[in-house]
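Residue-level structural notes
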Amino acid sequence: MVSTHQADDLNSFLAGVERRNPGEPEFLQAVQEVAMDIIPYIADKPIYKDLMILERMTEPDRIVTFRVVWEDDDGNVRVNRGFRVQQNNAIGPYKGGIRFHPTVNQSVLKFLAFEQVFKNSLTGLPMGGGKGGADFNPKGKSDREVMRFCQAFMTELSKHIGPDTDVPAGDIGVGAREVGYMFGQYKRLMNRFEGVLTGKALEFGGSRIRPEATGYGCVYMMEEMLAHHKESIEGRSCAVSGSGNVATYCAEKLIELGAKVITLSDSAGFIHDPSGITHDKLMWIMELKNKRRGRIEEYVREFGGEYFEGERPWNVPCELAFPCATQNEIDKSDAEKLIKNGCRAIAEGANMPTTPEAIKVIQGKKELLHSPSKAANAGGVAVSGLEMSQNSLRLQWSRDEVDDHLHKIIRGIHDQCVEFGTAADGHVDYFKGANVAGFNKVASAMIAYGVM
Ligand code: GLU
C-alpha cells in the first residue's frame with residue numbers, strides 16, 4: 001500500500017529525474033517502473049534516503065559519446081553516433097550489450113543501462129550495469145560494410161572498456177558476426193587476447209549456450225512461475241513476438257518442453273500458425289533470419305498459416321505470452337486483449353516490452369502472472385557472466401555445465417522475486433520482487449563505499 005506521503009516522495013523524485021533528463025522518455029519510464037517499488041520499500045529505511053542512493057543510481061557514472069566514421073561499398077563516407085553508458089559498477093565491472101539500430105539514442109541506452117544494473121544484480125554474479133550502441137542500421141548493409149562499421153566503432157570504444165572495467169556484448173543488431181568483428185579489432189588495437197566482450201564464437205573464447213541463453217532463460221523463468229502455482233508449460237499455446245535470437249531460442253525451448261508456439265513476428269508484421277511451429281519450421285525461420293536476412297511473411301508461403309501486416313500477435317488467443325521483440329510492444333489495448341483471451345502468464349524476453357499503462361492493467365488482474373524483463377531475460381547476461389568466468393579460468397565448460405548454472409541462476413532469481421514480492425494474500429508481484437532484490441545488493445555495496 002502506498003501512503004500519501006510516499007506518493008508525494010515518488011512524484012517529487014520523478015519530477016527531479018525528468019528535470020535533469022529532458023527529452024528522455026524511455027529512461028524516465030524505466031526509472032519510474034523501479035521507483036514505484038523502491039520508494040515505498042525505503043520509506044522506513046532512512047539510510048537509503050540520507051545517502052541519496054536512488055538519486056545516485058539514476059545518474060550514470062559516465063556516458064561516452066563518439067563519432068563513428070566509415071566508408072560504404074560505393075566509397076561514400078558515412079557518419080554515425082556511438083555511445084557507451086557506464087551506469088553503475090558498485091558490484092562488478094560494467095556489463096551490458098551493444099545495440100545497433102536506427103532508433104538508438106541516449107534515452108534508449110540510458111533506460112537499457114539502468115535496467116541492466118538491476119538485472120545483473122539479480123543474477124548473483126559480480127557484474128555492474130552498462131549499455132552501448134549506435135544509430136547504425138545493419139539492415140540492407142553488406143557484410144563488408146558491417147565489418148568496417150564495427151571496426152570504426154571499436155577503434156574508439158576500445159579506449160573505454162577492458163575485462164575488469166567494462167565488458168560489452170550483443171543486443172538488437174549485434175550478434176556473433178558483429179561481436180567477432182569488434183573483438184578482432186580490439187585484439188589488434190590493444191595486442192591483448194582477453195575476455196573484453198562476451199557472445200564470442202566458441203573458437204575464440206565464447207561460452208556454450210550463450211546464443212540460446214536469453215530465450216532459454218525466459219522459458220525457465222516461466223516454468224518457475226508456473227511451478228510455484230503448481231502448473232506447467234506442457235501443452236500450452238504460446239504467442240511469441242520477434243524472430244531474433246531471443247524469440248527463436250525461446251520458441252525452441254518451448255517446443256522441446258511440449259508447448260505449442262503459434263506466433264512469431266518481425267518489424268513488418270506477424271505470422272500465426274494455428275497448427276504450431278515445429279522444430280523443423282523453426283530451423284527454417286532461423287536460416288531465413290540469420291543467413292538470408294529475409295522477412296517473416298515468407299513463412300506462410302512455405303508452411304501456410306496467416307500473415308498480419310503491421311500488427312503484433314497479442315490479439316491471438318494464447319495461454320502464455322512471450323514478448324521477445326523490443327521495448328513498448330505491449331500497450332494498454334494489447335494487455336486488455338491478452339486478458340480477455342484468458343492469457344495465464346507473461347514472461348518478458350525483450351527489455352521493457354510493456355508500457356506503464358499496460359502494466360497497470362495487468363496488475364489489476366492478479367491471476368495473470370507477469371515476470372519483468374530484468375528477471376525473465378537475465379539468462380543472457382548470466383551466461384555472459386559465465387563466459388567471463390570461463391575466460392578468466394582459461395577453460396570452456398560443457399553444454400550441460402553451462403545449462404545447469406543457467407537453471408540455478410534463474411531459480412535463484414525466481415526465489416528472490418518470491419521473497420521480496422509476496423503479499424500477505426500469497427500473490428507474487430514479480431515486478432516488486434525483482435526491483436527490490438536487484439536494488440538491495442547494489443545499494444549495500446554503495447553504502448559500503450561511502451559518499452562518492
Ligand atoms: N543485451 C543483453 C541484455 O539485455 C545481454 C547483455 C550481456 O550479455 O552483457 O541483457
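The structure under discussion appears in the preceding block.
The paragraphs below set out a description of the structure included in this document.

So, how was this worked out
- Residues numbered from 1 in each chain as written.
- Predicted model: local features only at pLDDT ≥ 70, side-chain atom pairs only at ≥ 80, totals over all residues.
- Heavy atoms only, no water.
- Pairing = 2+ DSSP bridges.
- Helix = DSSP H or I, 4+ residues; strand = E, 2+ residues; numbered from the N terminus.
- Axes fitted to C-alpha atoms, helices over the stretch in contact; angles between N-to-C directions.
- Near = heavy atom within 4 Å.
- Polar contact = N/O pair within 3.5 Å; in protein donor to acceptor, adjacent residues only side chain to side chain.
- Areas by Shrake-Rupley, 256 points an atom, 1.4 Å probe, with all protein chains shown as cover.
- Core = buried A, V, L, I, M, F, W, Y, C linked by side-chain atoms within 4.5 Å.
- Buried < 20%, exposed > 50% of the residue type's maximum accessible area, 1.4 Å probe, protein only.
- Contact = heavy atoms within 4.5 Å.
- Salt bridge = Lys/Arg side-chain N within 4 Å of Asp/Glu carboxyl O.
- Expected span 1.5 Å × (residues − 1).

A word on the sheet that holds strand 5 (residues 166–169). With respect to topology, 5 strands assemble into an open sheet ordered 1-2-4-3-5, the strand pairing being mixed. Of all strands in the sheet, those with a lone pairing partner are strand 1 (62–71) and strand 5, marking the two edges. Shown here is a sheet whose adjacent strand axes are inclined to one another by a mean of 20 degrees, direction ignored. With 10 bridges connecting them, strand 1 and strand 2 (residues 77–88) associate as antiparallel partners.

All right, on to the site of the ligand then. Inspection of the region around the ligand gives 13 residues, with Lys95, Lys119, Gly170, Asp171 and Ser384 positioned closest. At a separation of 3.0 Å, an oxygen atom of the ligand approaches a polar side-chain atom of Arg210. Alone, the ligand offers 300 Å² of accessible surface; in the complex the protein occludes 95% of this. Contributing elements (two or more residues each) for the shell around the ligand: strand 3 (94–100), helix 5 (106–122) and helix 15 (378–393). Here the element with the most residues in the shell around the ligand is strand 3; it accounts for 3 residues.

To continue, consider the nonpolar core. In this structure, Met221, Met222, Leu254, Leu264, Phe322 and Ile413 are the most contacted members of the largest nonpolar core, which totals 61 residues. Broken down by element, the residue count for this core peaks at 9 residues, all from helix 8 (residues 210–228). Apart from the residues within four sequence positions on either side, Met221 is in contact with Ser371, Ala375, Ala376, Ile410, Ile413, His414, Cys417 and Tyr430. Listed in part, the 38 residues of the second largest apolar core include Phe13, Ala30, Phe83 and Ala445.

With that out of the way, let us pick up the pattern of salt bridges. Overall, the coordinates contain 33 salt bridges when judged by the stated rule. Between Asp171 and Arg99 there is a salt bridge; the shortest N-O distance is 2.7 Å. Of this pair, Asp171 sits in the loop between strand 5 and helix 7 (176–190) while Arg99 is found in strand 3, placing the two residues 72 residues apart along the sequence. The exposure class assigned to Arg99 is buried, which follows from its relative accessible area of 3%. For Lys281, the salt bridge identified is with Asp273, shortest N-O distance 2.9 Å. Comparing Lys281 with Asp273, the two get one shared label, buried. Salt bridges here are not isolated pairs; linked through shared partners, they connect Glu231, Arg236, Glu319 and Arg344.

Between its terminal C-alpha atoms helix 17 (residues 430–449) stretches 29 Å, which fits the 28 Å expected from 20 residues at 1.5 Å a residue. Within helix 17, 14 of the 20 residues are buried, which leaves the element mostly enclosed by the surrounding structure. The N-capping residue of helix 17, defined by a side-chain oxygen 3.1 Å from the backbone nitrogen of Phe431, is Asp429. A positive phi of about 85 degrees marks Gly450, the residue just after helix 17.

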